[in-house]
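Coordinates in review
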Amino acid sequence: MGTILQAQGLTKRFGQTTALDNVELSLESGRIVGLLGPNGSGKTTFIKIASGLLTPTAGQVLIDGVAPGPQTKAQVSYLPDRTYFDNWMKVSDCLELFADFYQDFDRVKANDMLHSLGIDASKTFKTLSKGTQEKVQLALVMSRQAKLYLLDEPIGGVDPAARDFILDTIIRNYNEEGTVVISTHLISDIEKVLDDVIFLWDGRIERTDSVDHIREQSGKSVDEVFREVFKC
Amino acid sequence: MLSKLLKYEFKATARIFLLTYGALVALALVNAGLITLRTTSSALSGSSLYGLATTLMMMLYGLAAVAVVIVTLIIILVRFYRMLGDEGHLWFTLPVTATQHILSKLIVAFVWMIASLVVVIASVALVVLPTAWYQHLGSVGSSWNALVAQGFNPGAWTVVVLALLVISLVCSILEYYAAMAIGPNLLKSRLGGSVLTYVIFYFALELINLGVLMVLSFGVSGKFSNINFAISDTGMLSTETASAINRLVSTTSLTVGVEYLVLAVVFFCLARYFMTRKLNLA
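Residues numbered from 1 in each chain as written. Chains lettered and ligands numbered in written order. Predicted model: local features only at pLDDT ≥ 70, side-chain atom pairs only at ≥ 80, totals over all residues. Heavy atoms only, no water.

1. Concerning the overall build of chain B
A tally of helices and strands in chain B yields nine helices and zero strands. Put simply, chain B runs from its N terminus to its C terminus through helices and strands in the order α-α-α-α-α-α-α-α-α. Seen through its C-alpha atoms, chain B measures out along the principal axes to roughly 65 × 60 × 30 Å. Split into buried and exposed, the 282 residues of chain B put 36% on the buried side. Considering only contacts within chain B whose residues lie at least 6 apart along the sequence, 77% involve residues at least 24 apart. (Helix = DSSP H or I, 4+ residues; strand = E, 2+ residues; numbered from the N terminus. Buried < 20%, exposed > 50% of the residue type's maximum accessible area, 1.4 Å probe, protein only. Contact = heavy atoms within 4.5 Å.)

2. What about the nonpolar core?
Core analysis: the biggest nonpolar cluster contains 115 residues, and A:Leu5 and B:Tyr177 have the highest contact counts within it. By residue number, the principal contributor to this core is helix H7 (residues 154–186) of chain B, which donates eleven residues. Other than its neighbours up to four places away in sequence, B:Tyr177 contacts B:Ile76, B:Phe80, B:Ile102, B:Lys105, B:Leu106, B:Ala109 and B:Ala271. Counting residues in each nonpolar core, the second largest holds 17 residues, with B:Phe17, B:Leu24, B:Leu27 and B:Val120 among its members. (Core = buried A, V, L, I, M, F, W, Y, C linked by side-chain atoms within 4.5 Å.)

3. What to know about the interface of chain A and chain B
On the chain B side, the residues contacting the 27 residues of chain A number 29 residues. Carbon and sulfur atoms supply 58% of the area that chain A and chain B bury against each other, a total of about 2500 Å² over both sides. Area buried by chain A at its contact with chain B is led by A:Leu53, A:Trp88 and A:Phe101, which between them contribute 29% of it. Where chain A meets chain B, there are seven salt bridges. In this assembly, chain A and chain B are joined by 18 residue pairs in polar contact (both at pLDDT 80 or more). For the side of chain A that touches chain B, the secondary structure elements donating two or more residues are helix H1 (43–51), helix H2 (70–73) and helix H3 (91–101) of chain A. No other element matches H3(A), which puts six residues into the side of chain A that touches chain B. (Buried area = accessible area lost by both parts, 1.4 Å probe. Salt bridge = Lys/Arg side-chain N within 4 Å of Asp/Glu carboxyl O. Polar contact = N/O pair within 3.5 Å; in protein donor to acceptor, adjacent residues only side chain to side chain.)

4. Details of the layout of surface pockets
By volume, the largest pocket amounts to about 540 Å³. Along the wall of the largest pocket there are 23 residues; nearest its centre are A:Phe14, B:Pro184, B:Asn185, B:Asn280 and B:Ala282. Listing elements by their share of the lining of the largest pocket, those giving two or more residues are strand S1 (3–14) of chain A together with H7 and helix H9 (239–276) of chain B. Partitioning the lining of the largest pocket into residue classes produces eleven nonpolar, six polar and six charged. By volume, the second largest pocket is sized at about 390 Å³. When contributions to the lining of the second largest pocket are tallied by element, the ones reaching two or more residues are strand S4 (58–63) and H2 of chain A together with helix H5 (98–127) and H9 of chain B. Here the lining of the second largest pocket gets three residues from one element, more than from any other, and that element is S4(A). Here the lining of the second largest pocket is composed, by residue class, of 14 nonpolar, eight polar and two charged. (1 Å grid on protein atoms, 1.4 Å probe; cavity = no way out; pocket = protein on both sides within 12 Å on 5 of 7 lines; lining within 4 Å. Points joined across faces, edges and corners; volume = space filled by probe spheres on them. Nonpolar A, V, L, I, M, F, W, Y, C, P; charged D, E, K, R; others polar.)

5. Side note on the pattern of salt bridges
Inspection of the entire model under this criterion finds 20 salt bridges over all chains. Residue B:Asp86 is joined to A:Arg82 by a salt bridge in which the shortest nitrogen-to-oxygen separation is 2.7 Å. Residue B:Asp86 is found in the loop between helix H3 (48–83) and helix H4 (88–91), and its partner A:Arg82 is found in the loop between strand S5 (76–79) and H3; the two belong to separate chains. On the accessibility criterion, A:Arg82 (24% relative accessible area) is partly exposed. What emerges from the salt-bridge pattern is a single network uniting A:Asp86, B:Glu9, B:Arg79, B:Arg82, B:Glu87 and B:Lys105.

6. Focus on a nonpolar patch on the surface
Residues B:Leu191, B:Val195, B:Val199, B:Tyr202 and B:Phe203 make up a contiguous nonpolar surface patch of about 480 Å² in total accessible area. Along the chain, B:Val199 falls in helix H8 (residues 190–224). (Patch = residues over 30% accessible without salt bridge, like charges linked within 9 Å, V, L, I, M, F, W, Y side chains within 5 Å. Areas by Shrake-Rupley, 256 points an atom, 1.4 Å probe, with all protein chains shown as cover.)

Given below as C-alpha cells:
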C-alpha cells in the first residue's frame with residue numbers, strides 16, 4: 001500500500017493564531033484513521049487544507065503525490081462539518097450533481113442508502129431536518145469510490161443511535177483500497193472502527209500510532225489514553 | 001465541467017428571475033389594459049376613482065421595473081458571495097478549476113443582466129402599446145438613411161455601442177467578483193472586506209478613467225481641432241467633417257473599449273489568483 005496523504009512542514013496561521021504548526025504526517029492507503037483532538041486543535045483546518053478549501057501559510061500537503069487541485073478533488077471525498085447544498089436543491093438534484101461531477105460516484109448505491117433511510121429524493125434539501133440533511137450528505141460522500149475520504153466531525157451533534165448508523169454506513173460503504181480520515185473528539189464512539197489514530201493538540205501532532213499498538217502498550221482504550229494526553 | 005456548472009447555475013437562478021419577469025410583464029399588461037380602457041371609454045376617462053387606480057397600478061409597475069434591476073444585481077452578487085461561504089465547501093471540492101467557477105458565474109450573470117434589460121424594455125413597450133408608438137418606427141428608418149447620406153455609418157456605431165455595453169457589463173461583474181474574492185484577505189469580516197475592496201476599486205477606476213479621458217482629450221484636440229461643423233446650404237456636413245466625426249467616434253470608443261477590456265482581464269486574474277492561491281473558506 002502506498003502513501004495517499006503526506007503533509008510536510010504544514011503550517012496555517014489565521015492572523016496571530018496558529019491553527020497548524022509544522023505538521024509532518026504520512027497516511028497509508030487502506031486504513032481508517034482517527035484524527036483526534038479537542039476543539040480548536042486544528043482538525044478541521046487540516047482537513048480543509050487537504051480538501052483544497054484553505055491555503056497553507058507554509059509547507060504543503062500532497063494527495064497521492066499531488067498538491068490539492070482539481071485532480072486531487074476527483075479522488076477525495078470530503079464531508080464538511082456543515083450542510084452545503086443550496087436551498088433550491090431537491091435531494092434528487094444533489095444526487096444528480098454528484099453523478100455529474102464525480103466519475104467515481106455510484107448512483108445506485110446512493111439511491112439504496114437513501115431508500116434504506118426512508119428519505120424521499122423529491123423533497124427539497126432545506127425542508128429536511130438537520131440530522132437527515134447530514135445523513136443525505138454522508139450517503140452521497142460514501143457512495144464515491146474515492147482514494148481518500150476526509151470526514152469532518154461526522155458524528156458530532158447527533159444522538160448515539162445516529163452515531164452507530166453513521167459509523168456503520170462508513171464501514172460498509174467505503175472503498176477498501178482507500179483511506180478514511182475521521183476527525184472527532186468523541187473517541188469512545190469511534191475507536192472500534194479505527195486502525196490508526198493521530199492525536200492533534202494546539203496545531204501540533206502529539207502522537208500517531210495504530211490502535212492495536214496503543215492498546216497493547218498501555219493496556220487502555222484509545223479514549224482513556226486520549227483523556228490522559230489531553231487532560232486539562 | 002463548465003457546461004455542468006452552467007447547468008446548475010441556471011437552475012439555481014432561473015426560478016426567481018422567471019417569477020420576477022412574469023410579475024413585471026403581468027403588471028405591464030394590466031397597465032396597458034387600463035390605458036386602453038381609459039382611451040376607449042369616456043365614462044372611465046372622467047372617473048377619478050379609475051384615475052387613482054391607473055396611477056397606483058402605474059406606480060406599482062414602476063416599482064416592479066426597478067425591482068427587476070435590483071433583484072438582478074443582488075442575485076449576481078449573492079450567488080458569487082455564497083460560493084465563497086458555506087456553499088464553497090461543495091463547489092470548491094468539485095474537480096473544477098477556479099477559471100471554470102468564475103466563467104460559469106460570469107456567463108450566467110451576463111445572460112440574466114441582458115435578459116432583465118430586454119424584459120424591462122419589452123414591458124415598457126407593452127405599457128405604452130395603446131399609444132400606438134410602433135407607428136413611429138418608420139421614422140427610425142428615415143433618420144438612419146439621413147445619417148448614411150451624411151457619410152456616417154450608423155450600423156457600425158450600433159455594433160460599437162453594443163460591444164461597449166457587453167465589455168462594460170463584463171468588466172463591472174468581474175469587478176464585483178474580484179472584490180469578493182479579495183475581501184476575506186483584507187478584513188476579518190468577509191462582507192466588510194469585500195465592500196472595502198470594492199470601494200478601493202471604485203476610486204482606482206475613477207482615477208484611471210480620468211487619466212484615459214485626459215489622454216484622449218489631448219490626443220483628440222490636436223487631430224480634430226480644425227473640424228468645421230458648419231452645415232452647407234444643402235443641409236449636409238462636408239465629407240471631411242463626417243469622416244472626422246467617424247474617426248473621433250471610433251478613436252474614443254476603441255480607447256474606452258480597450259480600457260475596459262484590460263480592466264476586465266485584470267479583475268478576472270485577481271479573482272482567479274485569490275480563489276486558487278489565497279482561498280480561505282473559514
